[in-house]
Every structure is written in C-alpha cells, then in structure tokens.
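Take a look at the letters that make up each chain.
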Amino acid sequence: MLFGISVEPWMMMWGGVFLGVLVAFQMLGGLRIIKLKGKLHLKVHRGVAWAIFLGGLAHGVMGFAYFGRI
Ligand code: HEM
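Residues numbered from 1 in each chain as written. Predicted model: local features only at pLDDT ≥ 70, side-chain atom pairs only at ≥ 80, totals over all residues.

(A) Representation of the overall build of the chain within the structure. Within the chain, the secondary structure is distributed over two helices and zero strands. Its C-alpha atoms give the chain a radius of gyration of 15 Å, more than 25% over the compact-globule value 11 Å for 70 residues. Overall size of the chain, expressed as C-alpha extent along the three principal axes, is 45 × 15 × 15 Å. By residue count, 0% of the 70 residues in the chain fall in the buried class. Within the chain, residue pairs in contact and separated by at least 24 positions form 66% of the contacts whose partners lie at least 6 positions apart. (Helix = DSSP H or I, 4+ residues; strand = E, 2+ residues; numbered from the N terminus. Rg over C-alpha atoms; globule rule 2.2 N^0.38 Å. Buried ≥ 20, exposed ≤ 12 C-beta atoms within 10 Å, placed from the backbone. Contact = placed C-beta atoms within 7 Å.)

Below, the structure is given as structure tokens:
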C-alpha cells in the first residue's frame, strides 16, 4: 500500500517494461543511432535521463511497498 493504493504485480511489470524501453532508447540516442537536430539531442538525452532516474526511484519505492517493507 502506497498513498492508499495497493501495488499490484502488473503495475511493477509494466513500469519495469517502460523503464527498460526508455533505457534502450537512451542507449540508441547516446550511441547516435537515433539522432535529433543540434541542441535538442542533448536536451532529450538529459530529459530522458531524469525520467529514468525518477522512474527508477518510484519503481524501487513501489517494489518495497509491494513486499510490505515500508
Ligand atoms: C550506450 C549508452 C549511452 C551512450 C553511448 C551515451 C553517450 C553520451 C554522450 C556522448 C554524452 C555527452 C553529451 C553529448 O555530446 O551528446 C552523454 C551525456 C549524458 N548521458 Fe548518455 N549515453 C548513453 C546512455 C545513457 C544512459 C542510459 C543515461 C542515463 C539513464 C545517460 C545519461 C546521460 C547524461 C545525464 C548526460 C549528461 C548530459 C549533459 O551534458 O547535461 N546516458 N551520453
């Protein structure tokens, strides 16, 4: 239970899949397999990095809540 919502396995699964997809795209961008114009490229790389970081943190907290450790 987190903020009155019970964490279900499907939430963890789709959250994990989503984060994995974000990391894959971040790698494709980092390796310049996907390119964006000029400064936008780094802006998106940095933005997605924050999304992965905050999403990963939320995923971890939800994981702890799922196993009843918080
Ligand atoms: C194979 C994977 C990756 C490669 C080759 C790569 C490559 C790069 C390169 C070359 C830069 C320097 C900035 C530029 O010249 O565009 C950079 C910056 C950065 N990368 Fe990646 N990247 C990869 C994956 C990731 C991942 C998975 C994350 C985080 C989840 C990440 C986060 C960042 C951040 C925060 C910066 C600094 C941006 C800034 O200068 O403010 N990168 N990356």
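Here the narrative resumes, following the displayed structure.
(B) Examining helix α1 (residues 9-30) more closely. Here α1 contains 22 residues, and its C-alpha end-to-end distance of 31 Å stays within 8% of the 32 Å for a straight helix at 1.5 Å per residue. Looking one or two places after α1, you find R32, whose phi comes out positive at around 60 degrees. (Expected span 1.5 Å × (residues − 1).)

(C) Unusual backbone geometry, seen in detail. Here F3, not a glycine, exhibits a phi torsion of approximately 50 degrees, which is positive. Inspection of the secondary structure puts F3 in the segment before α1. Even without a glycine there, the phi angle at R32 is positive, about 60 degrees. Mapped onto the elements, R32 comes out in the loop between α1 and α2 (39-66).

(D) Spotlight on the site of the ligand. Taken together, V23, Q26, M27, G30, L31, L42, H45, R46, A49 and I52 make up the full set of residues near the ligand. For the shell around the ligand, the secondary structure elements donating two or more residues are α1 and α2. Top element by residues in the shell around the ligand is α2. It accounts for five residues. In terms of residue class, the shell around the ligand is built from six nonpolar, three polar and one charged. (Near = placed C-beta within 6 Å. Nonpolar A, V, L, I, M, F, W, Y, C, P; charged D, E, K, R; others polar.)

(E) A look at the environment of L42. Structurally, L42 can be placed in helix α2. Of the residues examined, L42 has 11 C-beta atoms within 10 Å and is grouped as exposed. Separated by twelve residues in sequence, L42 and G30 place their C-alpha atoms 9.0 Å apart.

Geometric values such as these leave the question of function open.
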